[in-house]
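Remarks on the overall topology
So the chains spell out like this:
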Amino acid sequence: MPAPQRDIISQSGYRAGPDLFKILCQGAALVTVLLLGWIIYEIVESAWPSIQKFGLDFITTSAWVPNRERFGVLPFIMGTLASSLLAILFAFPLGVSIAIFLSENFLSPSIRQTMRFVVEMLAAIPSVVYGLWGIFIIIPIVKAFGDWAVASLGGFPLFSGPAYGNSLLTASVVLAIMILPTITAISRNALAAVPKTLREGTYALGATRWEAIFSVILPTAAPGIVAATILGLGRAMGETMAVAMLIGNSSRLSWSVLSPSGTLAGLLANQFGEAQGLQVNSLMYAALILIAITLFVNLIGEAVLRHTQKATAGIR
Amino acid sequence: MDSIASYSLGFFNNDPSENTKVIARSLKNRILSGICIALSLLTMVPLISIIFLLLKKGLPLLGLNIFTELPPAAGMAGGGFGNAIIGTLAMVGIGLAISGPAGILSAIYINEYSPASRLAQAVRMVAKLLTGIPSIICGVFAFAVVVMATGTFSAYAGGLALAVLMLPTIILTSEQALMGVQSAYREAAYGLGATRFQAIARVVLPDAFPAIMTGVMLAVARAAGETAPLIFTALFSQFWAKSLNEPTASLSVLIYNFSTVPFPHQIAMAWTASLVLVAFVTLANITAQTIFSRRH
Amino acid sequence: MDFGASDAAMSDEEIAKVPSGVVMIPATAGEIVFAYNLPGFPGIKLAREVMAGIYLGTVTKWNDPAIVKANPDLKLPNLAIQVAYRSDGSGTTYVFTQHLSAISAKFDDEVGTDKSVTFPVGVGGKGNEGVTALIKQSVGTVGYVEYGYAKDNGLLMASLQNKSGNFVAPDIASARETLSNLELPTNLRIWPVDPEGASDYPIVSFTWLLLYKKYPNAEKLKALKEFVNWSLADGQSFSESLGYVPLPAPVVEKAKAALSTIE
């Protein structure tokens with residue numbers, strides 16, 4: 001019986017293929033997992049001289065003076081936090097409104113479809129194009145607002161002058177537009193996941209649409225909206241080009257939203273190309289802090305999101 | 001259908017004060033709807049403004065020479081950004097050549113071979129975390145690995161940075177694509193005596209292919225528009241690239257460089273480059289969605 | 001690499017690191033100006049303490065008494081001064097901060113001299129063009145750029161007070177005046193940090209060609225010498241149209257002598 005035997009041989013010959021393929025896939029998976037570690041390792045290694053020299057003072061001092069080899073990123077950390085929090089402040093009401101708009105039936109499906117398209121387009125526009133647009137549209141608007149604000153509200157530290165076009169406020173306004181799609185998409189999913197039964201039950205009790213939205217739908221979707229906001233915050237903190245083009249890239253601490261400011265990502269974008277010696281190490285250290293902050297924020301966002309999905313999975 | 005419930009309540013209620021309350025509730029309802037719609041429509045303003053400016057400022061210079069000539073020096077007229085288009089395509093190509101196989105193979109492992117294994121869970125988590133890492137960090141990584149080692153800015157460094165950027169998108173979308181393949185197909189393949197490899201290669205992958213391509217195109221669209229990973233890995237060049245191991249121009253870095261100059265011609269060129277870039281990214285996105293919707 | 005060029009000459013330590021030795025040859029010269037955007041107010045005069053004060057953030061209004069004092073004829077507006085500086089490392093920043101450090105001890109102490117420094121005020125722009133763009137963008141802005149950029153873009157330029165107390169407007173003639181008053185040392189490295197002549201423009205510097213002392217390839221050496229000789233002779237006539245300052249004859253002589261030492 002030679003034929004079947006050949007079959008077995010050829011089959012095992014095939015098996016050499018699949019086993020190899022499995023090893024290949026496993027290898028790729030392993031590389032992916034190690035990649036994050038590799039990224040962090042490379043950055044820590046390159047940052048090491050700076051970490052040794054400055055330690056935690058790097059985070060708490062506000063000097064970035066390459067010619068004197070003094071490096072501290074406090075202003076950039078504060079700028080990162082301030083610009084992204086301010087962006088959230090602008091984007092949150094808009095994002096949640098659009099999410100409600102998209103998940104409720106105020107208007108015809110075709111209008112909702114258009115709205116969805118608008119949000120998707122906003123997500124597709126490259127950061128550098130937002131920067132270019134911001135230079136020509138948002139800077140003059142913010143400058144005009146700033147001049148008015150300094151004249152009439154200059155007493156408040158938040159609006160103390162002089163008002164610059166390249167400022168924290170300018171960067172935050174553009175950031176808000178950029179993170180809108182993130183907030184909208186995740187919030188919409190959270191709203192859409194509110195069980196129909198809950199919604200209909202509320203209407204049956206005689207509630208108007210907005211009574212239903214405020215008393216039942218939003219509270220039920222709240223954890224998801226919170227997650228959306230946190231993930232939007234993470235996105236804003238890491239956003240680089242538009243911010244670097246608009247914020248003025250200053251390394252000073254200031255209370256005024258009309259002053260130039262700086263972010264960690266912007267610092268890296270501006271200085272890496274021509275940095276030397278300890279400055280490179282310090283930029284790597286700054287990159288490490290940026291990774292730590294964004295990973296932390298994203299982990300919290302993901303955790304809230306996962307918790308939400310589990311919580312709403314029960315009622316259906 | 002806005003407030004049928006409240007109106008009907010009103011009909012059956014004879015107390016006039018109750019009636020005004022209902023009208024007040026209905027009015028409040030309408031006002032809130034109006035605010036919500038107004039805020040939503042407000043979002044259209046920036047998009048319309050961006051598209052309008054792209055067309056108004058970008059179209060005048062759009063011509064064939066844009067694709068065949070080199071960027072103009074400061075204060076000079078004419079020119080184009082052919083080298084930047086080639087540079088962007090080359091670096092996205094390098095990125096795809098690395099992240100495509102790595103991402104799809106990883107996805108096959110975590111969905112087909114051992115979905116519940118620790119390695120698979122780790123891949124999913126790392127992919128999630130990588131999507132949250134700022135794109136400039138990809139550039140910092142490529143700077144440390146390639147630029148500091150070779151001593152020169154290069155298309156390789158830029159390509160590696162883009163690969164890191166694209167990888168998580170490709171893994172996560174490919175996994176979704178593979179999950180979408182009905183398990184009956186796999187079982188039928190095994191039933192016919194196929195090995196795991198044969199089932200994957202002949203049945204699962206062909207079925208999931210369009211959805212995987214969707215993910216790949218989304219990753220390409222995102223990478224093409226990115227600037228931050230390129231500014232200190234590929235840097236920029238005024239000239240046609242002679243090799244991949246030298247500073248390389250890209251559309252996005254050209255826009256960045258030309259956006260903060262006082263020369264009107266270069267600024268106009270930045271707008272034209274933006275128009276080309278947005279058109280390319282939109283085209284890639286639309287391709288991705290067409291592939292996707294054709295399947296579903 | 002066969003040769004380089006820089007606004008910031010190499011230091012002795014840097015030269016010591018090059019095994020084949022270095023010869024620095026001044027190729028052209030440039031001046032750095034205080035360019036500003038204040039339509040209707042050309043030729044504002046800035047005293048020495050005002051120049052430093054603007055970049056230290058102590059002079060914040062265009063009608064600051066210190067500015068008004070030097071410009072009694074102008075009705076300067078009560079407008080905030082917005083400061084622009086180079087966010088990238090540059091020879092321009094080096095030369096500029098070197099001068100401010102020389103004329104103000106406070107500036108030397110708080111900011112210092114380098115290719116990239118941290119100013120206590122203002123907004124950064126990338127390159128001469130970035131700073132020029134910032135100045136054009138909003139009224140009230142002042143920034144330091146190379147003369148050519150300010151001229152080509154029609155920016156107003158301040159007259160600066162020099163060491164002998166006179167206010168000098170930036171132009172090719174005043175910069176040439178500064179250069180011809182210089183005594184060049186044998187290595188040709190000189191920074192006119194704070195020139196003393198009565199009509200000298202105060203912020204001027206050479207751009208150097210950085211050459212090796214020895215070139216193994218005779219053909220390359222010949223081509224290089226021809227190029228440098230051309231730039232020192234006929235090439236100088238192009239300087240002015242590009243906003244640079246043609247080298248005075250004595251400097252050209254010394255540069256040619258230095259070139260002949262290369263082998």
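Residues numbered from 1 in each chain as written. Chains lettered and ligands numbered in written order. Predicted model: local features only at pLDDT ≥ 70, side-chain atom pairs only at ≥ 80, totals over all residues. Heavy atoms only, no water.

1. A closer look at the overall build of chain A
- In terms of helices and strands, chain A carries eleven helices and two strands.
- Counted from the first residue to the last, chain A has its helices and strands arranged as α-α-β-β-α-α-α-α-α-α-α-α-α.
- Over its C-alpha atoms chain A spans a radius of gyration of 26 Å, topping by over 25% the 20 Å that the globule rule assigns to 316 residues.
- By its C-alpha atoms, chain A is 100 × 70 × 35 Å across when sized along the principal axes.
- The proportion of buried residues among the 316 residues of chain A is 57%.
- Within chain A, residue pairs in contact and separated by at least 24 positions form 74% of the contacts whose partners lie at least 6 positions apart.
- Looking at charge distribution, chain A has the averaged site of its 18 positive side-chain charges lying 6 Å from that of its 14 negative ones. (Helix = DSSP H or I, 4+ residues; strand = E, 2+ residues; numbered from the N terminus. Rg over C-alpha atoms; globule rule 2.2 N^0.38 Å. Buried < 20%, exposed > 50% of the residue type's maximum accessible area, 1.4 Å probe, protein only. Contact = heavy atoms within 4.5 Å. Lys, Arg positive; Asp, Glu negative; His and termini not counted. Charge placed at Lys NZ, Arg CZ, Asp CG, Glu CD.)

2. Quick look at the interface of chain C and chain B
- At the junction of the two partners, chain C supplies eight residues and chain B supplies six residues.
- On the chain C side of the contact with chain B, K126(C), E129(C) and N153(C) bury the most area, a combined 61% of that side's loss.
- For the pair chain C and chain B, the number of links is zero salt bridges.
- In this structure, the connection of chain C to chain B is made through zero residue pairs in polar contact (both at pLDDT 80 or more). (Buried area = accessible area lost by both parts, 1.4 Å probe. Salt bridge = Lys/Arg side-chain N within 4 Å of Asp/Glu carboxyl O. Polar contact = N/O pair within 3.5 Å; in protein donor to acceptor, adjacent residues only side chain to side chain.)

3. Points about the interface of chain B and chain A
- Facing 78 residues of chain B, the contacting portion of chain A comprises 75 residues.
- Taken together, both faces of the contact between chain B and chain A bury some 6900 Å²; the carbon and sulfur share is 81%.
- Of all residues in chain B, L47(B), I50(B) and F141(B) give up the largest surface area on contact with chain A, accounting jointly for 8% of the area buried on that side.
- Counting every contact that joins chain B to chain A gives eleven residue pairs in polar contact (both at pLDDT 80 or more).
- Its residues placed into classes, the side of chain B that touches chain A shows 53 nonpolar, 20 polar and five charged. (Nonpolar A, V, L, I, M, F, W, Y, C, P; charged D, E, K, R; others polar.)

4. Looking at the confidence of the model for chain B
- Across chain B, the average pLDDT comes to 89, with 93% of residues at 70 or higher.
- Every residue in residues 1-12 of chain B is under pLDDT 50, and counting partners more than four places away or in other chains gives 16 contacts. (pLDDT = per-residue confidence, 0-100.)

5. Let's talk about the packing of helix α3 (residues 74-103) of chain A against helix α4 (residues 109-124) of chain A
Residues and elements named next belong to chain A.
- For the pair α3 and α4, the least separation of the axes is 9 Å and the interaxial angle reads 145 degrees. In this structure, α3 crosses over α4, and the sense of that crossing is left-handed. Mapping the contact onto sequence places I98, F101 and L102 in α3 and I111, R112, M115, R116 and V119 in α4.
- Among the residues forming the contact of α3 with α4, the class breakdown is six nonpolar, no polar and two charged. (Axes fitted to C-alpha atoms, helices over the stretch in contact; angles between N-to-C directions. Left-handed = near helix turned anticlockwise from the far one by under 90°.)

6. Topic: the nonpolar core
- Among the nonpolar cores identified, the biggest contains 190 residues, and V73(A), Y130(A) and F81(B) are the most heavily contacted of them.
- Among the elements that line this core, the one with the most residues is helix α11 (residues 278-313) of chain A, at 14 residues.
- For this core, the two domains that each supply at least three residues are domain 1 (2-61) and domain 2 (64-295) of chain B.
- Setting aside its immediate chain neighbours within four residues, V73(A) contacts F58(A), I59(A), T61(A), W64(A), L264(A), L267(A), A286(A) and I289(A).
- Counting 85 residues, the second largest nonpolar core, distinct from the first, contains W62(C), I103(C), L184(C) and W208(C). (Core = buried A, V, L, I, M, F, W, Y, C linked by side-chain atoms within 4.5 Å. Domains from an automatic or database assignment.)

7. A closer look at the sheet that holds strand β3 (residues 45-46) of chain C
- Overall, mixed pairing links the three strands, which are arranged β3-β8-β9 (chain C) in an open sheet. The sheet is open, and its two edges are formed by β3 and β9 (167-168) of chain C, each paired on a single side. (Pairing = 2+ DSSP bridges.)

8. A word on the packing of helix α2 (residues 48-56) of chain C against helix α4 (residues 91-103) of chain C
Residue and element names in this part refer to chain C.
- Following both chains from N to C, one finds α2 and α4 inclined at 120 degrees, their axes separated by 10 Å at the closest point. Taken together, the axes of α2 and α4 lie oblique to each other. The element α2 and its partner α4 pack so that their crossing is left-handed. Residues R48, M51, A52 and Y55 of α2 pack against F96, H99, L100 and I103 of α4. (Parallel < 35°, antiparallel > 145°, perpendicular 65-115°, else oblique.)

9. A look at the pattern of salt bridges
- Per the counting criterion, the structure on display carries 14 salt bridges over all chains.
- Where E211(A) meets R25(B), a salt bridge forms, and the shortest distance between an N and an O atom there is 2.7 Å. Here E211(A), found in helix α8 (residues 209-238), pairs with R25(B), found in helix α2 (residues 16-42), and the two come from separate chains.
- The exposure class assigned to E211(A) is partly exposed, which follows from its relative accessible area of 26%.

10. Describing the packing of aromatic side chains
Residue and element names in this part refer to chain C.
- The full count for this structure, using the stated rule, is 31 aromatic pairs over all chains.
- Ring plane angle 75 degrees and centroid distance 5.9 Å describe the contact between F34 and Y55, whose orientation is recorded as edge-to-face. In this pair, F34 is assigned in strand β2 (residues 22-36) and Y55 in helix α2, connecting sequence segments 21 residues apart. Summarising the burial analysis for this pair, F34 and Y55 share the class buried.
- Here a set of aromatic residues connected by ring pairs shows up, and it is made of F34, Y55, Y85, F96, F107, F119 and Y144. (Phe/Tyr/Trp six-rings, centres within 6.5 Å; stacked < 30°, edge-to-face > 60°.)

11. Here's the deal with the domain arrangement of chain B
Residue and element names in this part refer to chain B.
- Under the domain assignment used here, chain B contains domain 1 (2-61) and domain 2 (64-295).
- Measuring from the centre of the C-alpha atoms in domain 1 to the corresponding centre in domain 2 gives 40 Å.
- On the side of domain 2, nine residues touch domain 1, which itself brings seven residues to the contact.
- The largest contributions to the domain 1 side of the interface with domain 2 come from L54, K57 and L61, which together make up 75% of the buried area.
- On inspection of domain 1 and its partner domain 2, the count reaches zero salt bridges.
- Counting across the domain 1 and domain 2 interface gives one residue pair in polar contact (both at pLDDT 80 or more).

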